[in-house]
Amino acid sequence: MKNINIKEKVDYCLNCKIKPCSLKGCPLENNIPEFIKAVKEDKFKEAYKIVSETSVLPGVCGKICPHMKQCQGSCVRGIKGEPVSIGDIESFIFQKAVQDGYELKEVINNNLNDEEIARLKNKKVAIIGGGPAGLTCAAFLAKDGIDVTIFEKYDYLGGLLVHGIPEFRLPKQIVKETVNRILSLGIKVQYNKELGENLKLEDLEKEYDAIFLSVGANKPAKMGVKGENLEGVFGGNELLEYNRHPNYEGKVVSVIGGGNVAMDCSRTIKRLRCKDSKCYL
């Protein structure tokens, strides 16, 4: 890790009192000025604790969040110049936690009173789907003392973080480390359990107090245009998830769309030696 580079990035932050990056730019309302302030003061564990109050995926979000549309897009510094590199700082905080060996369970705390703790005691929740939504839900329930079990259709956790985002954009080791940290909170997992196949809601309802559905949005939206069902036409999410690529070598590929999925598909296809990959908005 380049501490000097990070030092420059955190010193660039003005620590705004109005916190537009947090309150306006971040869907989770991460306390960005405070975790940046902690890094400035070399309080890296404290920074990790501050991030973990609202997010258990800092290593992931620091890499793949659309920062310029969110936190960095709301940064005061960005009005007349470059915004603070919030994503890089968040990634650094996670990497520092891994490097220095402090765990999520050391820094994530509940803020419940005695009455709330008693009310939640012995409660059980089933979470169907082990992607980012399921993992986040599981972590915040577990920190409050709830007995959580994740039911996952694959033999791994992470969902689209594993099969939907290419390795060159989100290293799988970061996902693995993130998942392990979340599971260390005492969360149980049952793999190869698919809703409607070998998993039924009516059975779970008998055993659990609540069920959280986080099965993802894997099926691409149809455009309703002629020819979209022809051979050689693929949905982006399905293409990335199932990795069922045709032979692109020497071929020209058109990608319809200009969002993250379109960019991931284009860059993946280009790496598979197509002649050209073009996006159409």
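Rules used in this analysis
Residues numbered from 1 in each chain as written. Predicted model: local features only at pLDDT ≥ 70, side-chain atom pairs only at ≥ 80, totals over all residues. Heavy atoms only, no water. Buried < 20%, exposed > 50% of the residue type's maximum accessible area, 1.4 Å probe, protein only. Helix = DSSP H or I, 4+ residues; strand = E, 2+ residues; numbered from the N terminus. Pairing = 2+ DSSP bridges. Axes fitted to C-alpha atoms, helices over the stretch in contact; angles between N-to-C directions. Salt bridge = Lys/Arg side-chain N within 4 Å of Asp/Glu carboxyl O. Phe/Tyr/Trp six-rings, centres within 6.5 Å; stacked < 30°, edge-to-face > 60°. Lys NZ or Arg CZ within 6 Å of the ring centre and 35° of its normal.

Novice: I keep staring at helix α3 (residues 32-40) and nothing clicks. Help me out?
Specialist: Quick reminder: α-helices carry 3.6 residues per turn. Residues three or four places apart thus point the same way. When α3 is considered as a whole, its buried residues turn out to be I32, P33, F35, I36, A38 and V39. With its phi angle positive at about 60°, D42 sits one or two positions after the end of α3.

Novice: Where do I start with the sheet that holds strand β1 (residues 124-128) in this structure?
Specialist: Taken together, 4 strands build an open sheet; the order of strands is β3-β2-β1-β4 and the sheet is parallel. Two strands lie at the open edges of the sheet, namely β3 (188-190) and β4 (210-213), each paired on one side alone. Within the sheet, the average angular offset between the axes of one strand and its neighbour, ignoring direction, is 20°. With 4 bridges joining them, β1 and β4 adopt parallel strand pairing. Bridging across to β4, I127 finds its partner in F212.

Novice: In this structure, what is going on with the pattern of salt bridges? I would like to understand it.
Specialist: Working definition: two side chains of opposite charge can pair if their charged atoms are close together. Taken as a whole and assessed by the stated rule, the structure comprises 12 salt bridges. Among the ionic pairs, E167 bridges to K172, the shortest N-O distance being 3.9 Å. Take K172: its relative accessible area is 25%, and that puts it in the partly exposed class. Put simply, R181 and E177 hold a salt bridge, and the shortest N to O gap is 2.9 Å.

Novice: How should the packing of aromatic side chains be read in this particular structure?
Specialist: Any pair of aromatic rings gets described here by the distance separating the centres and the angle formed by the planes. Summed over all chains, the structure comprises 4 aromatic pairs. Measuring from ring centre to ring centre gives 5.6 Å for F44 and F92, while their planes differ by 75°; the resulting arrangement is edge-to-face. In this pair, F44 sits in helix α4 (residues 44-52) while F92 sits in helix α6 (residues 86-100), placing the two residues 48 residues apart along the sequence. For the pair formed by F44 and F92, the shared burial category is buried. Centre to centre, the rings of Y154 and Y156 are 5.2 Å apart; their planes meet at 5°, and the pair counts as stacked. The ring of Y12 has R77 lying over it, and the distance from NZ or CZ to the ring centre is 4.3 Å.

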